[in-house]
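Architecture and fold: a report
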Amino acid sequence: MTAKKIPAQKSKKVIISCAITGSIHTPSMSPYLPVTPDQIAEQSVQAARVGAAIIHLHARKPTTGEPTSDNTIFSQFIPRIEQDCDAIINISTGGGLSMSLDDRLNAAQKFQPELCSLNMGSINFDVSRAAKPDAHWKNSWEQLFLKQTDNMVFKNTFRDIAYIIDKMNPLGTRFEYECYDVGHLYNLAHFAEQGIIKPPYFIQFIFGVMGGIGADTQNMDFMKQTADKLFGKDYIWSVLGAGRHQFPMAEHAIQMGGNVRVGLEDNLYIAKDQLAKNNAEQVLAIRKMIEQKGLQVAGPDETRDMLGLKGR
Ligand code: KMH
Ligand code: ZN
């Protein structure tokens, strides 16, 4: 595996990642959550056209919206996205909370994208409060799925992480390192010290998942200081704030020289009590914020260069 060593934040341009659908939100929470391959493809291309350089993807069963690792579903939208835009494809290896590790790796191994996610530690991942008893559920799986998350561990042991690295390295796919807490940065440093992953490390600081570090700006400052200490200039960082924390945390990240992730995987809203009508709406809003601060958005090729990706 070869990767260009590029000083972190050499470019002032800001990378926007857009996480299109994920596996946590359920169809009853928003009619705009893309579920079918057509919807996922259309919203991905729209998001790319308005400024997302990276498109982070999960798949869902078209009829029920349930998360799936079925490659026949991924094949109904990945080639379409690749054909209709130049964005970098980033396939999740987090998959869905109840999937086996091999299921989680299924699509990344088949499509060998430029990027895949790599979750850097086991955490509680509790979204059970969303299982409101009075809600109207479109599908029978939704409420139970949400409810059981108060007793669920999102398992990413050192062995699991090493397994994913081992499978993806020979394919030339690089990683978006998902760090939900400060300790995950140390886990990443452990693999970096072993030499089995190479810089620049693209680190997603994740705030506000119940089970991970809380969404406040002091925590971001501390994550950044810790990453500086561990990785020096060998990393590029981005911020994902869950739910209502998405835009405030993104704004702080932009001010501090970081990159941002938006999308309906992480937050269904565009403003208080106002659902986002699609992913592009959030990308446009964050783009506006970036440009108002006198900065520019990085295009896909600039992002490829910054992250040392293999290209299409
Ligand atoms: N759902 C996000 C908090 C993954 O897909 O590997 C993190 C995520 C994980 O996107
Ligand atoms: Zn994801």
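Residues numbered from 1 in each chain as written. Chains lettered and ligands numbered in written order. Predicted model: local features only at pLDDT ≥ 70, side-chain atom pairs only at ≥ 80, totals over all residues. Heavy atoms only, no water.

1. So, the nonpolar core
Counting 76 residues, the largest nonpolar core has Phe77 and Phe205 as the members making the most contacts within it. Here the element with the most residues in this core is helix α7 (residues 182-194); it accounts for six residues. Excluding its chain neighbours within four sequence positions, the residues that come into contact with Phe77 are Pro37, Ile40, Ala41, Leu57, His58 and Ala59. Residues Ile123, Ile206, Leu240 and Ala242 belong to the second largest nonpolar core, which totals 17 residues. (Core = buried A, V, L, I, M, F, W, Y, C linked by side-chain atoms within 4.5 Å. Buried < 20%, exposed > 50% of the residue type's maximum accessible area, 1.4 Å probe, protein only. Helix = DSSP H or I, 4+ residues; strand = E, 2+ residues; numbered from the N terminus. Contact = heavy atoms within 4.5 Å.)

2. Points about empty space enclosed by the protein
Tallied over the full model, the rule gives two cavities of 30 Å³ or more. Taken as a whole, the largest cavity encloses approximately 80 Å³ of empty space. Every residue lining the largest cavity is counted, 14 residues in all, and those nearest its centre are Thr68, Ser69, Phe74, Ser92 and Gly95. In terms of residues, the lining of the largest cavity owes the most to one element, helix α4 (residues 101-111), which gives four residues. Of the voids in this model, the second largest cavity is the one considered here, and its volume is about 40 Å³. Forming the boundary of the second largest cavity are 10 residues, of which Arg174, Phe175, Tyr177, Ile197 and Lys198 lie nearest the centre. (1 Å grid on protein atoms, 1.4 Å probe; cavity = no way out; pocket = protein on both sides within 12 Å on 5 of 7 lines; lining within 4 Å. Points joined across faces, edges and corners; volume = space filled by probe spheres on them.)

3. A short note on the pairing of strand β11 (residues 235-241)
Within a regular strand, the side chains alternate between the two sheet faces. Across the seven residues of β11, seven count as buried, placing the element largely inside the fold. The alternating pattern of β11 places Tyr235, Trp237, Val239 and Gly241 on one face and Ile236, Ser238 and Leu240 on the opposite face, and all of these are buried. Alignment of strand β10 (residues 201-207) against β11, held across seven bridges, turns out to be parallel. Paired with Gln204 across the two strands is Ser238, which belongs to β11. Traced from β11 through helix α9 (residues 246-255) to strand β12 (residues 259-262), the parallel crossover comes out right-handed. (Pairing = 2+ DSSP bridges. Right-handed = clockwise from strand over helix to strand, strands pointing away.)

4. Examining the environment of Ala242
Structurally, Ala242 is set in the loop between β11 and α9. Since its relative accessible area comes to 18%, Ala242 is described here as buried. Non-local contacts of Ala242, meaning those with residues more than four positions away in its chain, are made with Phe207, Gly208, Val209 and Asp266.

5. Structural notes on the coordination of the zinc ion (ligand 2)
Of the protein atoms, only His56 (NE2), His58 (NE2) and Glu265 (OE) coordinate the zinc ion (ligand 2), at distances of 2.1 Å. Here the donor residues of the zinc ion (ligand 2) share one chain and are spaced in sequence as H-x1-H-x206-E. In this pair, His58 sits in the loop between β2 (54-57) and β3 (59-60) while Glu265 sits in the loop between β12 and β13 (269-271), placing the two residues 207 residues apart along the sequence. Of the two residues examined, His58 and Glu265, each falls in the buried class. (Donors = N, O, S within 2.8 Å, 3.2 Å for Na, K, Ca; no water.)

6. Description of the layout of surface pockets
Within this model, the largest pocket holds a volume of roughly 1,300 Å³. In terms of lining, the largest pocket is formed by 50 residues, of which the most central are His25, Val127, Ala242, Gly243 and Asp266. Within the residue set of the lining of the largest pocket, elements represented by two or more residues are β6 (115-119), α9 and β13. Taken together, the residues of the lining of the largest pocket sort by class into 22 nonpolar, 17 polar and 11 charged. (Nonpolar A, V, L, I, M, F, W, Y, C, P; charged D, E, K, R; others polar.)

Scope: geometric values only; no functional claims are made or implied.
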